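# Fold and contact review
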Amino acid sequence: MADDANKVNGADEAPIKERVKPDPPGYFEGESMTRRNVFTVASQAIGGIAAAGIVLPAVGFAVAPIFHRGKERWEAVGPVSDFVEDTYRQVVFTETEGIGDAGKTTAYVRRSSEDLGEEAGKIVAVSNRCAHLGCPVRFVEAAGNFICPCHGGVYDFQGKRIGGPPVRPLDQFQTRVRQGQVEVGPRYSVTNQMEPVRARDPGEFTGGIWEYLYPPRPSTFPPP
Amino acid sequence: MPSLPKPKIPDAVVPPPLRKPAKPGSGGTPKGQAPTDLKTAPGRKTAGDKLLDVGKEAPIDALGWVDQRLAASGFLTGMLFRKVPKGTNWFYTLGSATLFAFIVQAVTGVFLAMYYTPSATQAYASIAHINEVPLGQLVHGMHKWGASVMVILVFLHMGRTFFFGAYKYPRELNWVIGVTLLILTMLMAFTGYLLPFDQRSFWASIVGININGTGPVVGPYLNDFLRAGPELGATTLARFYAIHMLLVPGAIIALIGAHMYLVVKLGTTAPPWVKAERPKVAAPVAPLDAGGNGNGRVNGHHADGAPVDGEGNGASSA
């Protein structure tokens, strides 16, 4: 075989066009893959598997919080008698643990009002997180509106957007009454028709096709 | 046993003697020249002079020793003494200025990391402590203001490249690398902004993350990835810190290496107002081989893959 290769390849007398690629060492007639190719592919495949064995767990570790839902957290914010139907009372409670004051958030709490078409006997807790980009909104008593200081978002008494850049009503918190105490729980978002959906980040639309374009995150709690 | 004659070794096998460059001062004063020091005759040196000579040669010898093993001098002279096209001006220093800004950020950042604590409850206090340590406020300020300087310089450098047409063939890949570096620089600015953990950085990061979340489909998940959860929490700060000082700087350093390699390899362009010099004699060969054709267009296209010679205006490669 080597002689064949020399005969074909080594002689200058052969015209250039007739030069044939020499058979690789170890070649035998009829093989579909050379020994060299087998080892090349095998070593690259093993190297790839080894690299994946290192990289995939590390990447999975980094993105794991996307799929992790923390423990549901409820916090008492005052007796039921503290809250009325026609105005809000501001309460501050811890939403994220472990970072001190930075983990606290503000909610505006009142009793539900049948005049506004709400189910009677419930407690409504509206988040102060603006649905535009997350700045803290303030309830202005005189106007009966929520107003955002950052970009001029305005919401009505129920938290529905009535002006400015926000894309949906203000978020709300789940509420319950335990031993006469009002407790606030996980956050949820609402559509423009005030239907509860899973919590979305500010700036994300809710309802209709937006439920697919801004899909619910596994790290949030189901709406009430 | 009678000794056999030693076999003759063929000349080709014998390695040539290692040729050291002539050492300055070793041969005394060359003939025909007046001795520099009239008090001592040439060739007659005191012990002190000899010691001085050895001292003078030591750095050269050391460099030679290293270079014999690295063989880097050819690369270094090629890089540092490469030719540049006519019309090269101060705008061409913007890339080096950006690199310098990055080095300032890297150096000051390393020393800030000696004092900083990436913990939600301690970060603010550790920054306050940095500002109390002697020179701490200066290093902190260099890092803070240097960040803005770097972002500005990146954009000026990008503008120079764009308006001089320096992104065109064969430098498109370097433009792509440069845009990636721009994005990484913005990511550095974004992640670094949260680290002081005061009211401004906290709310600015929340707004920034929420803007990121408005990207359809992937935006909400990216938010959870950035925050390490549904809300900005204790892990968020550690995560931003790791991205800010480990992940992105590594990528930036690697890409700056690739960026500069391509700059040296391809050469720089002439400014658009410098006209191409035509060859004085009409070359009877294919126009692609006609040497430097000005405006920084390369006379590449060599089938053998020879390095592309980026000098415009007919400057020949060294």
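Residues numbered from 1 in each chain as written. Chains lettered and ligands numbered in written order. Predicted model: local features only at pLDDT ≥ 70, side-chain atom pairs only at ≥ 80, totals over all residues.

## Section: the overall build of chain A
Looking only at helices and strands, chain A has three helices and eleven strands in total. Its helices and strands taken in sequence order, chain A reads α-α-β-β-β-β-β-β-β-β-β-β-β-α from the N to the C terminus. Projected onto its principal axes, the C-alpha positions of chain A cover 105 × 35 × 30 Å. Expressed as a percentage of its 224 residues, the buried residues of chain A come to 27%. In chain A, of all internal contacts separated by at least 6 residues, the share reaching a separation of at least 24 is 40%. (Helix = DSSP H or I, 4+ residues; strand = E, 2+ residues; numbered from the N terminus. Buried ≥ 20, exposed ≤ 12 C-beta atoms within 10 Å, placed from the backbone. Contact = placed C-beta atoms within 7 Å.)

## Here's the deal with the overall build of chain B
Within chain B, the regular secondary structure consists of nine helices and zero strands. For chain B, the share of sequence-separated contacts (at least 6 apart) that also reach a separation of at least 24 residues comes to 64%.

## Here's the deal with the environment of B:Gly165
Residues and elements named next belong to chain B. On the secondary structure map, Gly165 appears in the loop between α5 (136–163) and α6 (172–194). When the C-alpha atoms of Gly165 and Lys265 are compared, they prove to be 18 Å apart, with 100 residues separating the residues in sequence. When residues no more than four places from it in sequence are discounted, the contact partners of Gly165 are Thr269 and Pro272.

## Brief notes about unusual backbone geometry
Residues and elements named next belong to chain B. The peptide bond linking Tyr169 to Pro170 adopts the cis configuration, its omega dihedral lying at 0 degrees. Relative to the assigned elements, Pro170 resides in the loop between α5 and α6. Positioned with a positive phi, Ala71 is a non-glycine residue whose angle comes to about 55 degrees. Relative to the helices and strands, Ala71 resides in the loop between α1 (47–70) and α2 (73–80).

## Some details on the packing of helix α7 (residues 199–213) of chain B against helix α8 (residues 219–227) of chain B
All names here are of chain B. Where α7 contacts α8, the two axes come as close as 7 Å, and the packing angle between them is 145 degrees. Judged by residue contacts, Ile209, Asn212 and Gly213 of α7 engage Gly219, Pro220, Leu222, Asn223, Leu226 and Arg227 from α8. When its residues are assigned to classes, the contact of α7 with α8 shows four nonpolar, four polar and one charged. (Axes fitted to C-alpha atoms, helices over the stretch in contact; angles between N-to-C directions. Nonpolar A, V, L, I, M, F, W, Y, C, P; charged D, E, K, R; others polar.)

## Things to note about the environment of B:Leu187
Position of B:Leu187 among the secondary structure elements: in helix α6. Counting along the chain gives 63 residues from B:Leu187 to B:Tyr124, while the straight-line C-alpha distance between them is 21 Å.

## Here's the deal with the sheet that holds strand β8 (residues 161–163) of chain A
All names here are of chain A. Pairing is antiparallel in the open sheet, where four strands are placed in the order β5-β6-β7-β8. Looking along the sheet, the strands with just one partner apiece sit at the ends: β5 (138–140) and β8. Pairing between strand β7 (residues 154–155) and β8: two bridges, direction antiparallel. Paired with Tyr155 across the strands is Arg161, a residue of β8. (Pairing = 2+ DSSP bridges.)

## A word on the domain arrangement of chain A
The domain boundaries assigned to chain A delineate domain 1 (2–66) and domain 2 (75–213). Distance from the C-alpha centre of domain 1 of chain A to the C-alpha centre of domain 2 of chain A: 63 Å. (Domains from an automatic or database assignment.)

## Points about the pairing of strand β4 (residues 123–127) of chain A
All names here are of chain A. The buried fraction of β4 is high, at four of five residues. Pairing between strand β3 (residues 104–111) and β4: five bridges, direction antiparallel. Each residue of the ladder has a partner; that of Ala107, found in β4, is Ser127. In terms of strand pairing, β4 meets strand β9 (residues 172–178) through two bridges, oriented antiparallel. By the bridge assignment, Val126 is partnered in β9 with Gln172.

## Let's talk about helix α2 (residues 35–63) of chain A
Residue and element names in this part refer to chain A. The first and last C-alpha atoms of α2 sit 41 Å apart over 29 residues, in line with the 42 Å expected at 1.5 Å per residue. Bending of α2 peaks at approximately 25 degrees at the position of Ala52. In terms of burial, α2 is a largely surface element, zero of the 29 residues being buried. (Expected span 1.5 Å × (residues − 1). Bend = angle between axes of the 7 residues up to and from the residue.)

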